[in-house]
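# Chain and residue survey
The residues making up each chain are set out below.
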Amino acid sequence: LAKTTQPISMDSYEGQEVNITCSHNNIATNDYITWYQQFPSQGPRFIIQGYKTKVTNEVASLFIPADRKSSTLSLPRVSLSDTAVYYCLVGSQGGKLIFGQGTELSVKP
Amino acid sequence: GAVVSQHPSWVICKSGTSVKIECRSLDFQATTMFWYRQFPKQSLMLMATSNEGSKATYEQGVEKDKFLINHASLTLSTLTVTSAHPEDSSFYICSARDPGGAAEQFFGPGTRLTVL
């Protein structure tokens, strides 16, 4: 499974757009990129998944460059409730997900 | 989306006792479930893969005799922490994937175990 590198923490203010970038230099051809969100004392929640280019849903957008060695999760107009830890995961081995350190996003008023 | 539940949501026990945590897929059948452990301010660590009708597969460094996993039905996996000690205090989370649905995994709400 490809190793991922994300910033440990990020700060933002309400209403701003937040972009969290994840590096995954060793991504395999068949690997998808998935982002999860976790609030304290809760299980992770799926946000978005993509393979290449751009994916958008009602919550976020995921930008993946042509070489797929990185990806950027974009959260439009964040609110206080978006304060959480965001995990970037690449691939899965028989369904197993290996979590990296994640990015702790703090949204301030 | 699919729902995964856990019971109990929190438990406090005395050192040396055993604790059972249940993980259920509520609206789908899961032949495979996963168990994670998370210490404060740390990421999730995969402990084992629970396979319906067969033995669980444990990650390196996880004691299979201490963390007993049983996956007796397509909707239920249990994790028993045997002879629990304070260092076993942690947040335990299970997950499952709906084989008939989307690719993402669904996680339970977690169980907070505190061993006194």
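Just above, that's the structure.
Let me begin by describing the structure that accompanies this report. Everything numeric in this text was worked out from a predicted model, so none of it was measured.

How each quantity is defined
Residues numbered from 1 in each chain as written. Chains lettered and ligands numbered in written order. Predicted model: local features only at pLDDT ≥ 70, side-chain atom pairs only at ≥ 80, totals over all residues. Heavy atoms only, no water. Helix = DSSP H or I, 4+ residues; strand = E, 2+ residues; numbered from the N terminus. Rg over C-alpha atoms; globule rule 2.2 N^0.38 Å. Buried < 20%, exposed > 50% of the residue type's maximum accessible area, 1.4 Å probe, protein only. Contact = heavy atoms within 4.5 Å. Areas by Shrake-Rupley, 256 points an atom, 1.4 Å probe, with all protein chains shown as cover. Phe/Tyr/Trp six-rings, centres within 6.5 Å; stacked < 30°, edge-to-face > 60°. 1 Å grid on protein atoms, 1.4 Å probe; cavity = no way out; pocket = protein on both sides within 12 Å on 5 of 7 lines; lining within 4 Å. Points joined across faces, edges and corners; volume = space filled by probe spheres on them. Salt bridge = Lys/Arg side-chain N within 4 Å of Asp/Glu carboxyl O. Polar contact = N/O pair within 3.5 Å; in protein donor to acceptor, adjacent residues only side chain to side chain.

The secondary structure content of chain B amounts to zero helices and eleven strands. Listed N to C, the secondary structure of chain B is β-β-β-β-β-β-β-β-β-β-β in terms of helices and strands. Taking 13 Å as the expected radius of gyration for a compact globule of 116 residues, we find that chain B reaches 13 Å, a close match to that expectation. Considering chain B as a whole, with its 116 residues, one finds that 51% of them fall into the buried category. Of the contacts formed within chain B by residues at least 6 apart in sequence, a portion of 54% connects residues at least 24 apart. Working note: accessible area of chain B is about 5700 Å², and carbon and sulfur atoms make up 52% of it.

Once that is clear, we can look at the packing of aromatic side chains. The way to describe two aromatic rings as a pair is by their centre distance and the angle between their planes. Within the structure shown, the criterion is met by ten aromatic pairs over all chains. Aromatic side chains Tyr-32 of chain A and Tyr-51 of chain A sit 5.3 Å apart centroid to centroid with 55 degrees between the ring planes, which places their arrangement in the tilted category. Of this pair, Tyr-32 of chain A sits in the loop between strand E2 (18–23) and strand E3 (33–38) while Tyr-51 of chain A sits in the loop between strand E4 (45–50) and strand E5 (53–56), and the two are 19 residues apart along the sequence. By relative accessible area, Tyr-32 of chain A is classed as partly exposed at 42%. Their ring planes at 80 degrees and their centres at 5.4 Å tell us that Tyr-36 of chain A and Phe-107 of chain B sit as a pair that is edge-to-face. A residue pair is termed interchain when its members come from two chains, as with Tyr-36 of chain A in strand E3 and Phe-107 of chain B in strand E10 (residues 105–107). Residue Phe-107 of chain B is classed as buried on the basis of its relative accessible area of 9%. Put simply, the rings of Tyr-36, Phe-46, Tyr-87 and Phe-99 of chain A together with Tyr-36 and Phe-107 of chain B touch in pairs and so form one group of aromatic residues.

Put simply, the largest pocket is a space of about 500 Å³. What lines the largest pocket is a set of 22 residues, and nearest its centre among them are Val-85 and Glu-104 of chain A together with Gln-38, Lys-41 and Gln-42 of chain B. Those elements that place two or more of their residues in the lining of the largest pocket are strand E8 (84–90) and strand E9 (103–108) of chain A.

Here we come to the pattern of salt bridges. Once the charged atoms of two side chains with opposite charge are near each other, the side chains can pair. Evaluated as defined, the whole model comprises five salt bridges over all chains. Residue Lys-96 of chain A is joined to Glu-59 of chain B by a salt bridge in which the shortest nitrogen-to-oxygen separation is 3.0 Å. Remark: Glu-59 of chain B occurs in the loop between strand E6 (57–58) and strand E7 (67–73) and Lys-96 of chain A occurs in the loop between E8 and E9; the pair is interchain, linking two chains. Pair check on accessibility: Lys-96 of chain A and Glu-59 of chain B agree, each one buried. A salt bridge links Lys-66 of chain B to Asp-88 of chain B; the nearest nitrogen and oxygen atoms lie 2.9 Å apart. Separated by 22 residues along the polypeptide, Lys-66 of chain B in the loop between E6 and E7 and Asp-88 of chain B in the loop between strand E8 (76–81) and strand E9 (90–97) bring together distant segments of the chain.

Right, let's talk about unusual backbone geometry for a bit. Each neighbour pair has its own omega, and for His-7 of chain B with Pro-8 of chain B the value is 0 degrees, a cis peptide bond. Inspection of the secondary structure assignment puts Pro-8 of chain B in the loop between strand E1 (4–7) and strand E2 (10–13). Of note, Ser-41 of chain A is a non-glycine position whose phi angle comes to about 60 degrees, a positive value. Following the sequence through the fold, Ser-41 of chain A ends up in the loop between E3 and E4. Ser-41 of chain A sits in the partly exposed class, given a relative accessible area of 49%. A positive phi angle, near 45 degrees, is found at Ser-83 of chain B, a position not held by glycine. Relative to the elements of secondary structure, Ser-83 of chain B occurs in the loop between E8 and E9.

The next subject is the environment of Ser-41 of chain A. The residues touching Ser-41 of chain A, leaving out its near neighbours within four places in the chain, are Phe-91, Pro-109 and Arg-112 of chain B. Of note is the side chain of Ser-41 of chain A, whose polar atom sits 3.1 Å from the side chain of Arg-112 of chain B.

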